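# Per-entry structural report
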Amino acid sequence: VPFTLASLQLHTHAEASFAEGATLTSQPADAVDAGAPIDYMLAMINGGDGAAKRLTIRFEPLSNAVYAPGSTTVNGLALLDFAGTSPLLGAAGLTLGDVGVGAEVIVRLRAIVNAPLPAGTAIETRAYIAWDDAPEKMVPCEPVRVRSTPALPIVEAALPFTVIDAAAAPKAVPARENGH
């Protein structure tokens with residue numbers, strides 16, 4: 001005997017997720033010279049089943065390095081600096097909207113290692129990501145060690161010419177005629 005089933009309704013809620021697989025890497029990865037650049041790359045994918053209404057990304061201030069102005073990109077698009085620094089290094093970070101399911105986000109920035117620094121000094125940073133109502137997640141980066149100090153030390157600027165006291169300068173000897 002055929003019978004009728006009551007309809008069933010399931011309520012679903014699609015959510016974004018960047019928790020799995022977010023990585024922060026540096027190039028070079030293990031050692032760098034004082035005064036040299038370090039490139040950082042934060043890579044993540046929305047592995048959830050819904051779009052992120054907002055994704056906030058921020059970097060912890062760099063230790064023993066400074067931001068290289070104009071070096072911030074998101075998926076290859078250059079971002080303008082704000083107040084002389086990357087928007088990623090500000091307290092509020094950078095917020096992206098409507099990051100779709102499966103979308104990959106690649107954020108890059110460059111830093112210059114302070115000089116002089118003793119060999120063995122650690123250059124460290126980490127990134128923080130938050131999306132929609134999820135709690136903030138820390139993404140660490142392995143520290144990079146300073147390999148050596150610069151070959152030429154940084155000293156006070158010198159004049160590009162030498163000043164000689166005219167009274168103390170040697171007198172020019174006039175040339176003799178016929179090469180004698």
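It should be noted that the structure appears before, not after, this text.
Residues numbered from 1 in each chain as written. Predicted model: local features only at pLDDT ≥ 70, side-chain atom pairs only at ≥ 80, totals over all residues. Heavy atoms only, no water.

## Comments concerning the overall build of the protein
Scanning the protein from terminus to terminus reveals zero helices and 13 strands. Reading the protein from its N terminus to its C terminus gives the helix and strand order β-β-β-β-β-β-β-β-β-β-β-β-β. Evaluated residue by residue, the protein yields a buried proportion of 32% over its 180 residues. Restricting the contact set of the protein to residue pairs at least 6 apart, pairs at least 24 apart contribute 75%. For the protein, the accessible surface area stands at approximately 12,000 Å², while carbon and sulfur atoms represent 58% of it. (Helix = DSSP H or I, 4+ residues; strand = E, 2+ residues; numbered from the N terminus. Buried < 20%, exposed > 50% of the residue type's maximum accessible area, 1.4 Å probe, protein only. Contact = heavy atoms within 4.5 Å. Areas by Shrake-Rupley, 256 points an atom, 1.4 Å probe, with all protein chains shown as cover.)

## A few points about unusual backbone geometry
Of note, the bond from Gln27 into Pro28 is cis; its omega dihedral lies within 30 degrees of zero at 5°. Among the secondary structure elements, Pro28 is positioned in the loop between β1 (23-27) and β2 (31-32). The peptide bond linking Ala115 to Pro116 adopts the cis configuration, its omega dihedral lying at -5°. The residue Pro116 is located in the loop between β9 (104-113) and β10 (122-123) in this model. One non-glycine residue with positive phi stands out, namely Asn75, at about 50°.

## Focus: the layout of surface pockets
Counted as a void, the largest pocket has a volume near 160 Å³. Residue lining of the largest pocket: His13, Ala14, Glu15, Ala16, Ala51, Lys53, Trp131, Asp132, Asp133 and Ala134, and that is the complete set. Looking at the lining of the largest pocket residue by residue, the class counts come to five nonpolar, one polar and four charged. (1 Å grid on protein atoms, 1.4 Å probe; cavity = no way out; pocket = protein on both sides within 12 Å on 5 of 7 lines; lining within 4 Å. Points joined across faces, edges and corners; volume = space filled by probe spheres on them. Nonpolar A, V, L, I, M, F, W, Y, C, P; charged D, E, K, R; others polar.)

## Re the pairing of strand β3 (residues 37-45)
Pairing analysis gives five bridges linking β1 to β3, with the strands arranged antiparallel. Residue Leu24 lies in a different strand from β3, and its bridge partner there is Leu42. Examined bridge by bridge, β3 and β9 share nine bridges and lie antiparallel to one another. Bridging from a neighbouring strand, Tyr40 pairs with Leu109 of β9. (Pairing = 2+ DSSP bridges.)

## Topic: the packing of aromatic side chains
As enumerated under the stated definition, the model contains one aromatic pair in all. Their ring planes at 65° and their centres at 5.5 Å tell us that Phe18 and Trp131 sit as a pair that is edge-to-face. You can see Phe18 sitting in the segment before β1 and its partner Trp131 sitting in strand β11 (residues 126-131), a full 113 residues away along the chain. Here the two residues Phe18 and Trp131 agree in accessibility, since each one is buried. Lying across the ring of Tyr128, Arg58 places its NZ or CZ 4.3 Å from the centre. (Phe/Tyr/Trp six-rings, centres within 6.5 Å; stacked < 30°, edge-to-face > 60°. Lys NZ or Arg CZ within 6 Å of the ring centre and 35° of its normal.)

## Thoughts on the side chain of Thr56
Counting through the fold element by element, Thr56 comes out in strand β4 (residues 52-59). Reaching out from Thr56, the side chain makes a polar contact with the side chain of Thr95 at a distance of 3.2 Å. (Polar contact = N/O pair within 3.5 Å; in protein donor to acceptor, adjacent residues only side chain to side chain.)

## Quick word on the pairing of β4
As judged from the five bridges shared by β4 and strand β8 (residues 94-99), these two strands associate in the antiparallel manner. Across the sheet, Thr56 pairs through a bridge with Thr95, a residue of β8. Across five bridges, β4 lies against β11 in antiparallel orientation. Along β11, the bridge assignment pairs Leu55 with Trp131.

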